[in-house]
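# Coordinate inspection notes
Given next are the chains, with one letter for each unit.
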Amino acid sequence: AVGYGLAVLLAALAQLSRLPLHPQTLIPYITYAPFILLSAYQGGFGPGVLTTILCTFESLYFATEPLRSFEVRDPQDWLGLGGLALTGMVASALFHHLQQAQRAAAAAERERSEMARELEARRRMLESVIEHSPVLIALLRGRDFRFEMVNPAYQALAPDEPMVGRTVAQVWPEAATILLPLLERVRD
């Protein structure tokens, strides 16, 4: 209702803005276009179309010779009226699609943000489980089996040996010949 009320108001303002023009037929179609565009931008498709229809009739009645008549004598005027109507319809459709895309993007961003929060909560929970587990747990990454994370129980195997960021072969060089083929088989 607000959008349609705004559409009617903008159509009336379009006509009022033409009052100071002398002669009244001076640039009869282009003066309505900004009001149509504003209505389509603010209200969407329906209000934009309503303002387009109202402004097209206003232009025909108040700004096309003969004034105060719906008669069209000059075929050129049909081009102007058609161009005004087409501009309003296209702008209304484009702004409508733009608004839909903006709403979809906002919804997707809300969903992405919610998923990121959920993922972070699950990551924290998993880290807590790993950190407090009495079982030895190490997370290895890459073809060279680099330690990404170790829990305190695993670190207790070699308390003075830094592990994270180093490879299995660097941390356990004496066991690498046995461990690496086993890890490769598990990975493959």
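Just so we're clear, the structure is a prediction, and the values are computed from it rather than from any experiment. Every residue gets a number counted from 1 within its own chain, in the order that chain's sequence is written. Per-residue local features of the predicted model are confined to residues with pLDDT of at least 70, and side-chain atom pairs are confined, for both listing and counting, to 80 or more; whole-chain, interface and lining totals are unaffected and use all residues. Heavy atoms throughout the structure, all of them, feed into the side-chain values; hydrogens and water do not.

### Looking at helix α1 (residues 2-18)
With 17 residues, α1 should cover 24 Å at 1.5 Å per step; its first-to-last C-alpha distance of 25 Å lies within 8% of that length. Burial classes: relative accessible area under 20% of the type maximum marks a residue as buried, over 50% as exposed, and values in between as partly exposed (1.4 Å probe, protein chains only). Helix and strand assignments come from DSSP, with helices taken as H or I runs of at least 4 residues and strands as E runs of at least 2, each series counted from the N terminus. Regarding α1, the residues found buried are G3, A7, L10, A11, A14, Q15 and R18. Along α1, the residues classed as buried sweep out an arc of 135° about the axis, all on the same side. Away from its buried face by more than 90 degrees, α1 exposes V2 and L16. Multiply 1.5 Å by the residue count of a helix minus one, and that product is the helix's expected span. Here the arc refers to the set of directions running from the helix axis out to each C-beta atom.

### Digging into the nonpolar core
Here, nonpolar core means buried Ala, Val, Leu, Ile, Met, Phe, Trp, Tyr and Cys residues that are tied together by side-chain atoms lying within 4.5 Å of each other. Counting 13 residues, the largest nonpolar core has A14, Y32, C55, L81 and L84 as its most contacted members. Sorting the residues of this core by element identifies α1, α2 (33-43), α3 (45-62) and α4 (75-132) as the ones contributing at least two each. A per-element tally of this core places α1 first, with three residues. Grouped together as the second largest cluster of nonpolar side chains are nine residues, F147, M163, V168 and V171 included.

### What to know about the confidence of the model for the chain
Within a predicted model, pLDDT stands for the predictor's per-residue confidence, ranging from 0 to 100. Across the chain, the average pLDDT comes to 93, with 98% of residues at or above 70. Ranking the elements of the chain by mean pLDDT puts α1 last with 91 and helix α6 (residues 168-171) first with 96.

### Observations concerning α4
Each turn of an α-helix holds 3.6 residues, which means side chains three or four residues apart point in the same direction. Given a rise of 1.5 Å per residue, 58 residues ought to cover 86 Å, and the 85 Å separating the end C-alpha atoms of α4 matches this to within 8%. Among all positions in α4, only D77, G80, L81, L84, G88, A91, S92, Q99 and I130 are buried. If you follow the buried residues of α4, they end up packed against α2, α3 and β2 (146-150). For the purposes of these results, a polar contact is taken to be a pair of N or O atoms within 3.5 Å, where, inside protein, one atom must be able to donate a hydrogen and its partner to accept one; residues adjacent in sequence count only when each atom of the pair is a side-chain atom. Where α4 begins, the capping side chain belongs to D74, and its oxygen is found 3.0 Å from the backbone nitrogen of Q76. It only takes one pair of heavy atoms within 4.5 Å for two residues to be counted as in contact.

### Remarks on the packing of aromatic side chains
Whether two aromatic rings pair depends on their centres lying within 6.5 Å, for rings of Phe, Tyr and Trp, where Trp uses its six-membered ring; planes under 30 degrees apart make the pair stacked, over 60 edge-to-face, and the rest tilted. For the structure shown, the criterion picks out five aromatic pairs. With a centroid separation of 6.0 Å and an interplanar angle of 85°, the aromatic rings of F57 and F70 are classed as edge-to-face. Remark: F70 occurs in the loop between α3 and α4 and F57 occurs in helix α3; sequence separation between them is 13 residues. A relative accessible area of 47% means that F57 is categorised as partly exposed. Ring geometry for Y61 and F70: centres 4.9 Å apart, planes at 40°, overall tilted. For F70, a relative accessible area of 52% translates into the label exposed.

### As for the pairing of strand β1 (residues 138-141)
Any two strands with at least two DSSP bridges between them are considered paired. As defined by bridge partners, β1 adjoins β2 across four bridges and the pair is classed as antiparallel. Across the sheet, L139 pairs through a bridge with M149, a residue of β2. Counting the residues between successive antiparallel strands, the hairpin from β1 to β2 contains four residues, one of them, G142, with a positive phi of roughly 85°.

### Some words on the packing of α1 against α3
Taken N-terminus to C-terminus, the directions of α1 and α3 make an angle of 25°; their axes are 8 Å apart at the nearest point. Judged by the angle between their axes, α1 and α3 are roughly parallel. α1 and α3 meet at a crossing whose hand is right-handed. Contacts between α1 and α3 pair G3, Y4, A7, V8, A11, A12, A14 and Q15 from the former with G46, P47, L50, T51, L54, C55, E58 and F62 from the latter. Split into classes, the residues belonging to the contact of α1 with α3 amount to eleven nonpolar, four polar and one charged. Between N-to-C directions, angles cover 0 to 180 degrees, with each direction set by a line fitted to C-alpha atoms, over the stretch in contact for helices. Here the word oblique covers every angle except those under 35 degrees (roughly parallel), over 145 (roughly antiparallel) and from 65 to 115 (roughly perpendicular). Two helices cross in a left-handed way if the nearer one is turned anticlockwise from the farther one by less than a right angle. They cross in a right-handed way if the turn is clockwise. All residues other than Ala, Val, Leu, Ile, Met, Phe, Trp, Tyr, Cys, Pro, Asp, Glu, Lys and Arg, Gly among them, are scored as polar; the first ten of these are nonpolar and the last four charged.

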